[in-house]
Amino acid sequence: MIEVKELQKSFGSLEVLKKVTFAVNPGEAVAVIGPSGSGKSTMLRSLVHLEEATGGSIIIHGKPLVKDGKYASAAEIREITSPMGMVFQHFNLFPHLTVRGNLELAPRTLKRESIKDITAKSKDLLSKVGLTDKGDVYPSMLSGGQKQRVAIARALMLNPDILLFDEPTSALDPELTGEVLRVIRQLAEEHMTMIIVTHEMNFARDVADRVIFMDNGEIAESGTPEQIFGSPQLERTRMFLSRE
Ligand SMILES: Nc1ncnc2c1ncn2[C@@H]1O[C@H](COP(=O)(O)OP(=O)(O)OP(=O)(O)O)[C@@H](O)[C@H]1O
């Protein structure tokens, strides 16, 4: 479903991704962990073309977004990235729109569904993330945890079959992370395909089918949570975890 081959990214002389290769299968929840600056966000952002790779390939549902460093056309990029939804650390909600307005903006603009269906779906998704009564309020009236749940509902409005999370709880006070992680856990139970960049080690251990440990622009280790968190052989991961 997602194949990343020898992905490279440099910012000037800084090599941030050094031939990163991995694949994500349908229904898998993959947690990406690793030290600050190891390239996790850059890798994730490359998948939806928020960063442009300097080499390698990204294939989504069999279609190359970039192949051996050569990008598809702008129209193809839009189509290839369209099955993916992204949730950001800082929510990125539109402050001038109500919660419902945030959810409905993209589907109303795309006009793929009727207004009636869009309205019904935003209601359903607000209920799914436990915010039934917040449709008419503005983001500034919400807590960080509520904002992030709105952001998740918004990402789901376009029926993505892959969800990407870039440190979804890093901007939250510790007491608000649980409500967001619960929603992501539920999506994992529903077998949504997800890549979750996170510093929440317990969450990665409990929810992910597979854990990728990035270090210094490379995939240093990758395996089941048991292998990554329980194996004494994985020296680099163990050193990282002991510092966390
Ligand atoms: N737009 C940019 N221009 C220059 N350097 C950048 C840019 N974006 C990221 N970097 C650098 O690339 C490296 C990897 O950053 P990235 O955000 O991918 O790491 P990360 O593993 O997600 O870190 P964190 O856990 O702190 O978010 C860092 O050294 C960062 O400073």
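Fair warning: this is a prediction, and the values are worked out from it, not measured in the lab.

Grouped together as the largest cluster of nonpolar side chains are 34 residues, with contacts concentrated most on Leu 103, Ile 152, Leu 163, Phe 165, Ile 184, Leu 187 and Met 194. At the level of secondary structure, the elements contributing two or more residues to this core comprise helix H3 (99-110), helix H4 (115-128), helix H5 (144-156), strand E8 (162-166), helix H6 (174-189), strand E9 (193-197) and helix H7 (201-207). Broken down by element, this core gets its largest block of residues, seven residues, from H6. Leave out the neighbours within four places in its chain, and Met 194 touches Glu 28, Ala 29, Val 30, Leu 163, Phe 165, Ile 184, Leu 187 and Ala 188. Core analysis: the next-biggest nonpolar cluster, separate from the first, contains 32 residues, Val 16, Val 20, Leu 65 and Leu 164 among them.

As a further point, take the sheet that holds strand E5 (residues 63-67). Strand order in the open sheet formed by five strands is E2-E1-E4-E5-E6, and the pairing between neighbours is antiparallel. Each edge of the sheet is formed by a strand with only one pairing partner; in this case those strands are strand E2 (14-24) and strand E6 (70-71). By the bridge criterion, five bridges tie strand E1 (residues 2-11) to strand E4 (residues 55-60) in an arrangement that is antiparallel. Note that in E4 the partner of Ile 2 across the bridge is Ile 60. Packed on one face of the sheet, helix H1 (residues 40-47) meets E1, E2, E4 and E5 and runs near 60° to E2. Contacts between helix H2 (residues 74-81) and the sheet are confined to E4, E5 and E6, with E5 contributing the most and set at about 125° to the helix.

Position of Thr 98 among the secondary structure elements: in the loop between strand E7 (84-87) and H3. Within the local environment of Thr 98, its side chain forms a polar contact with the backbone nitrogen of Gly 101, the two atoms lying 3.0 Å apart. For Thr 98, the residues in contact, after removing those within four places along its chain, are Gly 135, Asp 136, Val 137 and Tyr 138.

H4 packs onto H3 with a crossing angle of 135° between their chain directions and a minimal axis gap of 10 Å. The orientation of H3 relative to H4 falls into the category oblique. Taken as a pair, H3 and H4 cross one another with a handedness that is right-handed. Here H3 contributes Val 99, Arg 100, Leu 103, Glu 104, Pro 107 and Arg 108 to the contact with H4, which in turn contributes Ile 115, Ile 118, Thr 119, Ser 122, Leu 125 and Leu 126. In the contact of H3 with H4, the residues fall into seven nonpolar, two polar and three charged.

Below, the discussion takes up the environment of Phe 240. Tracing the chain through its elements places Phe 240 in helix H9 (residues 235-243). Note: C-alpha distance between Phe 240 and Phe 213 (27 residues apart in sequence) is 9.3 Å. If we skip the residues at most four places from it in the chain, Phe 240 touches Ile 33, Gly 34, Pro 35, Met 201 and Phe 213.

A separate point is H6. Between its first and last C-alpha atoms H6 spans 23 Å; for 16 residues at 1.5 Å apiece the expected length is 22 Å, and the two agree. Among the residues making up H6, those that are buried are Leu 176, Thr 177, Glu 179, Val 180, Leu 181, Val 183, Ile 184, Leu 187 and Ala 188. Two residues or fewer past H6, His 191 is found with a positive phi of approximately 65°.

Bringing the packing of aromatic side chains into the picture now. Counted according to the given criterion, the structure contains zero aromatic pairs. The positively charged end of Arg 205 is found above the aromatic ring belonging to Phe 229, 4.9 Å away from the centroid.

In terms of burial, E9 is largely enclosed, as five of its five residues are buried. Side chains Thr 193, Ile 195 and Val 197 of E9 all project onto a buried face; the interleaved residues Met 194 and Ile 196 project onto the opposite face, where all are buried too. Two strands pair when backbone bridges link them, and strand E3 (residues 29-33) and E9 are joined in this way by four bridges, in the parallel orientation. Residue pairing across strands places Val 32 opposite Val 197, the latter belonging to E9. Judged from the five bridges that link them, E8 and E9 form a sheet pairing that is parallel.

Cut-offs applied
- Residues numbered from 1 in each chain as written.
- Predicted model: local features only at pLDDT ≥ 70, side-chain atom pairs only at ≥ 80, totals over all residues.
- Heavy atoms only, no water.
- Core = buried A, V, L, I, M, F, W, Y, C linked by side-chain atoms within 4.5 Å.
- Buried < 20%, exposed > 50% of the residue type's maximum accessible area, 1.4 Å probe, protein only.
- Helix = DSSP H or I, 4+ residues; strand = E, 2+ residues; numbered from the N terminus.
- Contact = heavy atoms within 4.5 Å.
- Pairing = 2+ DSSP bridges.
- Axes fitted to C-alpha atoms, helices over the stretch in contact; angles between N-to-C directions.
- Polar contact = N/O pair within 3.5 Å; in protein donor to acceptor, adjacent residues only side chain to side chain.
- Parallel < 35°, antiparallel > 145°, perpendicular 65-115°, else oblique.
- Left-handed = near helix turned anticlockwise from the far one by under 90°.
- Nonpolar A, V, L, I, M, F, W, Y, C, P; charged D, E, K, R; others polar.
- Expected span 1.5 Å × (residues − 1).
- Phe/Tyr/Trp six-rings, centres within 6.5 Å; stacked < 30°, edge-to-face > 60°.
- Lys NZ or Arg CZ within 6 Å of the ring centre and 35° of its normal.

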